[in-house]
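Here is how the chains run, residue by residue.
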Amino acid sequence: MQSNWQAAVSERKMGERRKMTVPLSLEKAATWTVLVPVAFFFMYPLWKLIALSVQTEAGIGLRYFADVITHVRTWNAIGHSVTAAGASTLIALVIGVSLAWLCAYTDIRWKSAIHVLALLPLLIPSYVMTLAWTQLAGPQGVLNRAASWLYGGPLELWDVYGLDGIIVVMGLTHYPLVYMLTLSVLYRIPKELEWAAHSSGATATTVFRKVTLPLALPGIAGGGLLAFISGLDNFGVPAFLGIPENIPLLSTLIYEEVIGFGPSAFARASVLSILLGVIALAGTGVQWLFLRKSRVDQTSAEDKSIRRHLERYRRGVEVLVGLFLLVTSVLPLLSMAANAFIKAYGLPFVPQNLTWKHFAFVLFDHVGTRAAIGNSLMLACLTGVLCVVAGTWFAYWRIHRPSFMGKVMEGAVALPYALPGMVLGLAMILTWIEPIPSWQPGIYGTVWLILIAYVTRFLILQVKSSTVSIMQVGKEVEEAARINGGRFWTRWSRILLPLYAPGMATGLFLVFLTAFTELTISSLLWSSGSETIGVVIFSFEQAGSTTHSTALSSLIVVAILLALTMGGLWKRYWQRRIQG
């Protein structure tokens, strides 16, 4: 009996040794290669941020929370942030839904031009649009000077500086988010449902209120949430329009705390960041309450047929839409470009006052601008390449290995983009000063920390874009290649990548453009030698060099328009090649 028992124990131990020596399966290895970077780069910084906010000299406590919350300026910043984000979201909802309904349902003409002009404020960085608005509606702007000229004396119709200017500019900058998502949903609403309601005697208002609006609610609420979070996240608009008037918002207050370098600056900024993050998450919760009973039929084909004829009102509506887009999308940019040619700020726009010297200065004479253009180009290129590789691999793994863990990790990857940029920027500082105890990699204050922050924040854009392309290619395509002897690299290089290319390229273009003009994170992480274009424009404006900031901003707008044109041409060429 003892011999048999010893043999059983020995066999069991040998089995456990064999089990421990069995190499990890490829599936588990792939899971760990995704899990570890996601935990370190996406979750660990937020943990450091929370830990610093409760870490005091006496141990764990809420002393910094008490200090910050009892400060009057904190409540002013919270009130201004919620007011600005909430009111600008209402503006964005009204404009975005109205414009989307006109383009999706009615027989209004020139829809392609309307679509391009409506998206222009979203494609151009918000701080550039804000600078353009200061040239249109500032105290010395075109609007007030024209009013004074017509009136025959000093007259100020509206000054864009202040909380009202922040709300209006944010609303006009973020309404394309509502417009895009609402337009996509409206195209997918079956017109038969609306016809059935009309046949039952419902008026046009009733059909819109009881049929169209509930079905379009997911797109409207999604766009509204994006507009609200973008309002909380925005640093450029309140920095340009609020700081000169001493109107703090949470994003600018965090920036002032960090650059103040006080003894508890980072801890206080951590508390403010958590408050900002909580407000953003509360907005997400409100959206969930709106949508918990809504269902979107994503399988419905888009129907772009005309459902409402405006008849005798059509020309008037077209004029109103054209004037609105001209005033909000084109006129501010033209005012900014015109100011860039003026010899000195405030001079009339007449031939003898025009010069090219501001463009020459920012392009050839100012060392910081040349370094910033080089840094922004390098950061945008590296961020794009890293995101397209890592994001496509993550999307491929997520689709072909569906699991609960995959959903959790996708949520973790999306979190840095859902939270305000100021929160992420501060979390990056706290993490990379000393990532692990007694190890200081020395990248704080360098361009490499900005690169890590960009990849962490924008990776989800590439993941979503690549996911769409990967889901359109069935598994049987790869299986057929494998059965026919195609090796791993052959399958990817000759079959999968060409099929995934459109989605990958769209994500790459979006990440590149966003990183190239980013300001919020860069304003916290930059130091001498690691300036970006957004930081230089902000510095010019802070120093009162408006002609230089408008000249550089005008060049950025031209570069963005050229990039959009080239991207559109490439997309058209690729579609013809695929179809051919």
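Residues numbered from 1 in each chain as written. Predicted model: local features only at pLDDT ≥ 70, side-chain atom pairs only at ≥ 80, totals over all residues. Heavy atoms only, no water.

J.: Would you mind going over the packing of aromatic side chains with me for this structure?
T.: Remark: the centre distance and the inter-plane angle together describe each pair of aromatic rings, the angle taken between the planes. By the definition in use, this model includes 21 aromatic pairs. For the pair phenylalanine 235 and tyrosine 255, a centre-to-centre distance of 5.0 Å together with 55 degrees between the ring planes defines the contact as tilted. Residue phenylalanine 235 is found in the loop between helix 10 (204-233) and helix 11 (236-241), and its partner tyrosine 255 is found in helix 12 (residues 250-260); the two are separated by 20 residues along the sequence. You'll find phenylalanine 235 and tyrosine 255 in the same group, each marked buried. Seen in terms of ring centroids, tryptophan 393 and tyrosine 396 are 6.2 Å apart; in terms of plane orientation they differ by 20 degrees. Their pairing is stacked. Taken together, the positions of tryptophan 393 and tyrosine 396, both in helix 16 (residues 367-400) and three residues apart, correspond to about one turn of that helix. Assessed through its relative accessible area of 37%, tryptophan 393 is described here as partly exposed. An aromatic cluster of three or more residues is present, and its members are Trp393, Tyr396, Phe488, Trp489, Trp492 and Tyr500. The ring of tyrosine 64 carries arginine 63 above its face, with NZ or CZ at 4.6 Å from the centroid. (Phe/Tyr/Trp six-rings, centres within 6.5 Å; stacked < 30°, edge-to-face > 60°. Helix = DSSP H or I, 4+ residues; strand = E, 2+ residues; numbered from the N terminus. Buried < 20%, exposed > 50% of the residue type's maximum accessible area, 1.4 Å probe, protein only. Lys NZ or Arg CZ within 6 Å of the ring centre and 35° of its normal.)

J.: Can you help me understand the side chain of glutamate 257 in this one?
T.: Tracing the backbone through its elements, the reader meets glutamate 257 in helix 12. Residue glutamate 257 is classed as buried on the basis of its relative accessible area of 19%. With sequence-adjacent residues up to four places away left out, glutamate 257 is seen in contact with Ala265, Arg268, Ala269 and Leu272. (Contact = heavy atoms within 4.5 Å.)

J.: Teacher, can you tell me more about the environment of leucine 430 here?
T.: Relative to the assigned elements, leucine 430 resides in helix 18 (residues 421-433). Residue leucine 430 is classed as buried on the basis of its relative accessible area of 11%. Linking leucine 430 and tryptophan 397, residues 33 residues apart in sequence, is a C-alpha distance of 31 Å. Residues within four places of leucine 430 in sequence aside, it is in contact with Lys48, Leu49, Leu52, Phe266 and Ser270.

J.: Is there a simple way to think about unusual backbone geometry in this case?
T.: A negative phi holds for most residues other than glycine; trans holds for most peptide bonds. Of note, the phi angle at asparagine 246 is positive, near 55 degrees, even though the residue is not glycine. A positive phi angle, near 55 degrees, is found at glutamate 311, a position not held by glycine. Checked against the element boundaries, glutamate 311 lands in the loop between helix 13 (265-291) and helix 14 (314-340).

J.: In this structure, what is going on with the pattern of salt bridges? I would like to understand it.
T.: Opposite charge on two side chains allows them to pair when their charged atoms are near. In total, this model carries 15 salt bridges according to the counting rule given. Residues arginine 63 and aspartate 67 are paired through a salt bridge, measuring 3.5 Å at the closest nitrogen-oxygen approach. In this pair, arginine 63 and aspartate 67 both sit in helix 3 (residues 63-69), four residues apart, roughly one turn of the helix. A residue is classified by how much of its surface remains accessible, and arginine 63, at 38% relative accessible area, is partly exposed. Taking relative accessible area as the criterion, aspartate 67 reaches 32% and is therefore assigned partly exposed. Among the ionic pairs, arginine 307 bridges to aspartate 303, the shortest N-O distance being 3.7 Å. Residues arginine 307 and aspartate 303 agree in their burial class; the two are buried. Taken together, the shared-partner salt bridges connect Asp107, Arg109, Arg314 and Glu318 into one network. (Salt bridge = Lys/Arg side-chain N within 4 Å of Asp/Glu carboxyl O.)

J.: Just checking my understanding: could you explain a nonpolar patch on the surface for this structure?
T.: Side chains of Val319, Leu323, Leu326, Val327, Leu331 and Leu334 sit close together on the surface and give an oily, nonpolar patch of about 500 Å² of accessible area. Among the secondary structure elements, leucine 334 is positioned in helix 14. (Patch = residues over 30% accessible without salt bridge, like charges linked within 9 Å, V, L, I, M, F, W, Y side chains within 5 Å. Areas by Shrake-Rupley, 256 points an atom, 1.4 Å probe, with all protein chains shown as cover.)

J.: In this structure, what is going on with the side chain of glutamine 135? I would like to understand it.
T.: Relative to the elements of secondary structure, glutamine 135 occurs in helix 6 (residues 126-137). In this structure glutamine 135 comes out as buried when scored by relative accessible area, which is 5%. Filtering out sequence-adjacent residues up to four positions away, glutamine 135 remains in contact with Gly141, Val142, Ser335, Met336, Asn339, Tyr345, Thr546 and Thr550.

J.: What am I meant to see in the confidence of the model for the protein here?
T.: The predicted coordinates ought not to be read in detail in places where the model reports low pLDDT. The pLDDT averaged across the protein works out to 85; a share of 92% of its residues lies at or above 70. Across the protein, helix 4 (residues 72-105) holds the top mean pLDDT of 94, while helix 1 (residues 2-21) sits lowest at 54. (pLDDT = per-residue confidence, 0-100.)

J.: Teacher, can you tell me more about the packing of helix 20 (residues 475-483) against helix 21 (residues 488-516) here?
T.: How two helices pack is summed up by the angle between their axes together with the distance between the axes. Where helix 20 meets helix 21, the closest approach of the two axes is 11 Å, and the angle between their N-to-C directions is 165 degrees. Classified by the angle between their axes, helix 20 and helix 21 sit roughly antiparallel to one another. Between helix 20 and helix 21 lies a crossing of right-handed hand. Across from Val477, Glu478, Ala481 and Arg482 in helix 20, the residues of helix 21 making contact are Arg491, Ile495, Leu496 and Leu499. Partitioned by chemical class, the residues of the contact of helix 20 with helix 21 number five nonpolar, no polar and three charged. (Axes fitted to C-alpha atoms, helices over the stretch in contact; angles between N-to-C directions. Parallel < 35°, antiparallel > 145°, perpendicular 65-115°, else oblique. Left-handed = near helix turned anticlockwise from the far one by under 90°. Nonpolar A, V, L, I, M, F, W, Y, C, P; charged D, E, K, R; others polar.)

J.: Would you take a moment to explain the environment of proline 190 for this structure?
T.: Checked against the element boundaries, proline 190 lands in the loop between helix 8 (163-187) and helix 9 (191-199). Among the residues examined, proline 190 registers a relative accessible area of 34% and is labelled partly exposed. Taking C-alpha positions, proline 190 is 9.7 Å from leucine 215, a pair spaced 25 residues apart along the chain.

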